Amino acid sequence: MSRFSSPRLRSLRPPAFGADPAGERLARIRSSPHFANGSFQNPMGARTRPSGSALEFAKIYFRKEERARRTPSGLIPVHATTLADLAKPPASGLRLTWMGHSSVLVEIDGRRVLFDPVWGERCSPFSFVGPKRLHPAPVPLAALGPVDAVVISHDHYDHLDLPSIKALAGTDTVFVVPLGVGAHLERWGVPADRLRELDWHESTDVGGLTLTATPARHFCGRGLRNEQHTLWASWSVRGPEHRVFHSGDTGYFPGFKDIGAQHGPFDATMIQIGAYSEFWPDIHMRPDEGMRAHLDLQGGRPHGVLLPIHWGTFNLAPHPWSEPGEGTLAAAHAEGAAVALPIPGEPFEPSSETVPDAPWWRAIAGVPEAGPADGKRACGRKPTPNAPGHEVAEVG
């Protein structure tokens, strides 16, 4: 039973904690083939809590020299003309704009899909504590324009952001979410008739696009207790001409091959390659695992473009800030795969001959001891100044 199960206690629950599923929603959760023994189950075994010694993790995470490596040495570049670029329709019919972390605007076959919108200053239930943004959002959320669908991968704070959802609740967009997550959104003002809540392998149509919830290897939870009553998912989006995939958060698992066989190949994959650690190896992928997942989704051959996500914006793991970028670049070179490396807010079309691929982060972060993937210490493109008054804050 939830700690906030009584009506009186529920009224004291902080709004950012969301709401527990109840009624018909809870009945549907309990009847899911992926729900057993009181919680949703992963497609293969996964440790959802950090392994090893908490003391050892704390020593690594809070060590002064390690903290310095987890923060960029200068301002993270943000694309200066995002809104002007988005005002022009994509010539190919498919364009992706990485807004930072896992937030991506996908313009596909005349529709606009926004994945995991996090415009808040912190990924936390509180405004005064928790991981803070290392760069501003490239564009104001209110200026982004109409969005046909908002897709949420799971209910962790760095993917489901209360301020962003409240801002979008007043629009006409449809929210497509994993089973159980709708309880949070309804508490925050999203009308039930604009919610599409899916179990794995279920699909919904939005404006001619087919959105399918596909498996992922992760976990859920926003409150003081994690009861695994909300599902986590990756997502396939298929339009008349194009297909894309968003991984959400996930550990590597062989099921990517099945997803690719059923829904791929994809013109672009958005793959989580950051916030990994040996303390939680089952629920987040390293860059080499992210590349492996990309290839699995494409039938084992280099096809489409991989856009690395879940890095650069928040400090959530012990690894150096620039390591996910370097690792992705190395994996792409090793496999002969196409990878997009835009700065936040830089739109690109996966079929274009000018997909951004410069290691822009090297200008503001020390090169790892092993050196960059190509053996050169080039700095890449020159950073674009951020918004006035923004400071890069260390997150501890």
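Preceding this section is the structure that the text describes.
Numbers given to residues run from 1 along each chain, matching the order in which its sequence is written. Where local features are concerned, this predicted model is filtered to residues with pLDDT of at least 70; where side-chain atom pairs are given and counted, the filter is 80 or more; whole-chain, interface and lining totals use all residues. Calculated side-chain values reflect all of the structure's heavy atoms, with hydrogen atoms and water omitted.

S.K.: How would you summarise the sheet that holds strand 15 (residues 338–339) if you had to cite specific residues and measurements?
M.R.: Strand pairing follows a simple DSSP-based rule, namely that at least 2 bridges must link the two strands. Runs of E in the DSSP output that reach at least two residues are strands. Runs of H or I that reach at least four are helices, and both are numbered from the N terminus. Taken in spatial order, the seven strands line up as 9-10-11-12-13-14-15 in an open sheet, and their pairing is mixed. What marks the edges here is a single partner per strand, and that holds for strand 9 (203–206) and strand 15. Taken together, the four bridges between strand 9 and strand 10 (residues 209–214) define a ladder with antiparallel strand orientation. When the bridges of strand 10 are listed, valine 206 appears paired with leucine 209.

S.K.: Describe the packing of helix 8 (residues 255–263) against helix 9 (residues 287–297), naming the residues involved and giving the relevant values.
M.R.: Running from N to C, helix 8 and helix 9 cross one another at 35 degrees; their axes reach a closest spacing of 7 Å. Across the interface between the two elements, Phe256, Lys257, Ile259 and Gly260 of helix 8 pack against Ala293, Asp296 and Leu297 of helix 9. Residues are sorted three ways: Asp, Glu, Lys and Arg are charged, Ala, Val, Leu, Ile, Met, Phe, Trp, Tyr, Cys and Pro are nonpolar, and all the rest, Gly among them, are polar. The class makeup of the residues in the contact of helix 8 with helix 9 is four nonpolar, one polar and two charged. Inter-axis angles, ranging from 0 to 180 degrees, are taken between N-to-C directions of lines fitted to C-alpha atoms, where helices are fitted over the stretch in contact. Working rule for contacts: check all heavy atoms of both residues, and any pair within 4.5 Å makes them a contact.

S.K.: Can you tell me about the pattern of salt bridges, naming the residues and giving the values?
M.R.: In what follows, salt bridge is the name for a side-chain nitrogen of Lys or Arg lying within 4 Å of a carboxyl oxygen of Asp or Glu. Scanning the entire structure with this criterion turns up ten salt bridges. A salt bridge links arginine 286 to aspartate 288; the shortest N-O distance between them is 3.1 Å. Only protein chains enter the area calculation, which uses a 1.4 Å probe; residues under 20% of their type maximum are buried, those over 50% are exposed, and those in between are partly exposed. For arginine 286, a relative accessible area of 38% translates into the label partly exposed. We note a salt bridge from glutamate 289 to arginine 286, for which the minimum N-O separation is 3.6 Å. On the basis of relative accessibility, which here comes to 15%, the residue glutamate 289 falls in the buried class. Taken together, the shared-partner salt bridges in this structure form one network comprising Arg25, Glu186 and Glu197.

S.K.: Pulling in residues and values, what's your account of a nonpolar patch on the surface?
M.R.: A grouping of Phe126, Phe128 and Val129 is seen on the molecular surface, where their side chains present a nonpolar patch of about 310 Å² in accessible area. In this structure, phenylalanine 126 sits in the loop between strand 5 (111–115) and strand 6 (149–151). A residue counts toward a patch only above 30% relative accessible area and without a salt bridge, and it is joined to like-charged neighbours within 9 Å or, for Val, Leu, Ile, Met, Phe, Trp and Tyr, to nonpolar neighbours within 5 Å. Here, Shrake-Rupley sampling with a 1.4 Å probe gives the accessible areas, and only protein chains in the shown set may cover a residue.

S.K.: I'd like a rundown of empty space enclosed by the protein, residues and numbers included.
M.R.: Residues are said to line a cavity or pocket when one of their atoms sits within 4 Å of a point; the points come from a 1 Å grid over protein atoms alone, cavities being sets where a 1.4 Å probe fits but cannot get out and pockets being open sets with protein on both sides within 12 Å along at least five of seven lines. Grid points are joined across faces, edges and corners, and a volume is the space filled by probe spheres set on the points. According to the stated counting rule, one finds two cavities of 30 Å³ or more in the structure shown. By volume, the second largest cavity amounts to about 110 Å³. If you trace the second largest cavity, you find 14 residues lining it, with Gly312, Phe314, Asn315, Leu316 and His319 closest to the centre. Among the residues forming the lining of the second largest cavity, the class breakdown is seven nonpolar, six polar and one charged.

S.K.: Outline the sheet that holds strand 3 (residues 94–100), listing residues and values.
M.R.: The strands making up a sheet associate through backbone hydrogen bonding, with each pair oriented either parallel or antiparallel. Read across the sheet, six strands follow the order 3-4-5-6-7-8 without closing on themselves; strand pairing throughout is mixed. Each edge of the open sheet is held by one strand with a lone partner, namely strand 3 and strand 8 (195–198). Between one strand axis and the next, the sheet turns by 20 degrees as a mean value, whatever way the strands run. Looking at chain direction, strand 7 (residues 174–178) and strand 8 are connected through four bridges and run parallel. Counted as the bridge partner of valine 176 is arginine 196 from strand 8.

S.K.: Now, about helix 8: what can you tell me, with residues and values included?
M.R.: Residues that lie three or four places apart on an α-helix share one face, since the helix turns once every 3.6 residues. Buried within helix 8 we find Gly255, Phe256, Ile259, Gly260 and His263. Each buried residue of helix 8 sits inside an arc of 145 degrees when the element is viewed along its axis, so together they form one side. Opposite the buried face of helix 8, at more than 90 degrees from it, the exposed residues are Ala261 and Gln262. Contacts made by the buried residues of helix 8 are with strand 10, strand 11 (234–238), strand 12 (243–246) and helix 9. The arc in question is the one traced by the directions running from the helix axis out to the C-beta atoms.

S.K.: Provide a residue-level description of the side chain of serine 164, including the pertinent values.
M.R.: Looking at where serine 164 falls in the secondary structure, it is placed in helix 6 (residues 162–169). Overall, serine 164 belongs to the buried group, its relative accessible area being 1%. A 3.5 Å cut-off defines polar contacts: any pair of N or O atoms within that distance qualifies, except that in protein one atom must be a possible hydrogen donor and the other a possible acceptor, and neighbouring residues in sequence count only when both atoms are side-chain atoms. For serine 164, the side chain forms a polar contact with the side chain of aspartate 161, separated by 2.5 Å. Residue contacts for serine 164: discarding those within four places in its chain leaves Pro117, Val118, Trp119, Gly120 and Leu141.

S.K.: Give a description of the nonpolar core that names residues and reports values.
M.R.: Only buried residues count toward a nonpolar core, which is a set of Ala, Val, Leu, Ile, Met, Phe, Trp, Tyr and Cys residues joined through side-chain atoms within 4.5 Å. Ranked by internal contacts, the top residues of the largest apolar core, which has 67 residues, are Leu96, Val106, Val176, Phe256, Met270, Leu307 and Trp360. In this structure valine 106 touches Leu94, Arg95, Leu96, Arg111, Arg112, Val113, Phe115, Val244 and Met270, once residues within four positions along its chain are discounted.

S.K.: Could you give me a rundown of the side chain of threonine 173, with the residues and numbers involved?
M.R.: In this fold, threonine 173 is placed in the loop between helix 6 and strand 7. When near neighbours in sequence (up to four residues on either side) are disregarded, threonine 173 contacts Val147, Asp148, Ala149, Val150, Leu168 and Arg194.

S.K.: Got a sec to walk through the packing of aromatic side chains? Specific residues and values, please.
M.R.: Each Phe, Tyr or Trp ring (for Trp, its six-membered ring) is paired with any other whose centre lies within 6.5 Å, and the angle between the two planes then decides the class: stacked below 30 degrees, edge-to-face above 60, tilted in between. Evaluated as defined, the whole model comprises 14 aromatic pairs. Aromatic side chains phenylalanine 245 and phenylalanine 256 sit 6.4 Å apart centroid to centroid with 85 degrees between the ring planes, which places their arrangement in the edge-to-face category. With phenylalanine 245 in strand 12 and phenylalanine 256 in helix 8, this residue pair connects regions lying eleven residues apart in the sequence. Just as phenylalanine 245 is buried, phenylalanine 256 falls in that class too. Judged by centre distance (6.1 Å) and plane angle (70 degrees), the ring pair of tryptophan 321 and tryptophan 360 falls under edge-to-face. Of this pair, tryptophan 321 sits in the loop between strand 14 (305–309) and helix 10 (323–335) while tryptophan 360 sits in the segment after strand 15; the two residues are 39 residues apart in sequence, bridging distant segments of the chain. Residue classification places tryptophan 321 among the buried residues on the basis of a relative accessible area of 5%. Classification of tryptophan 360 as buried rests on a relative accessible area of 2%.

Purely geometric numbers; function is a separate question.
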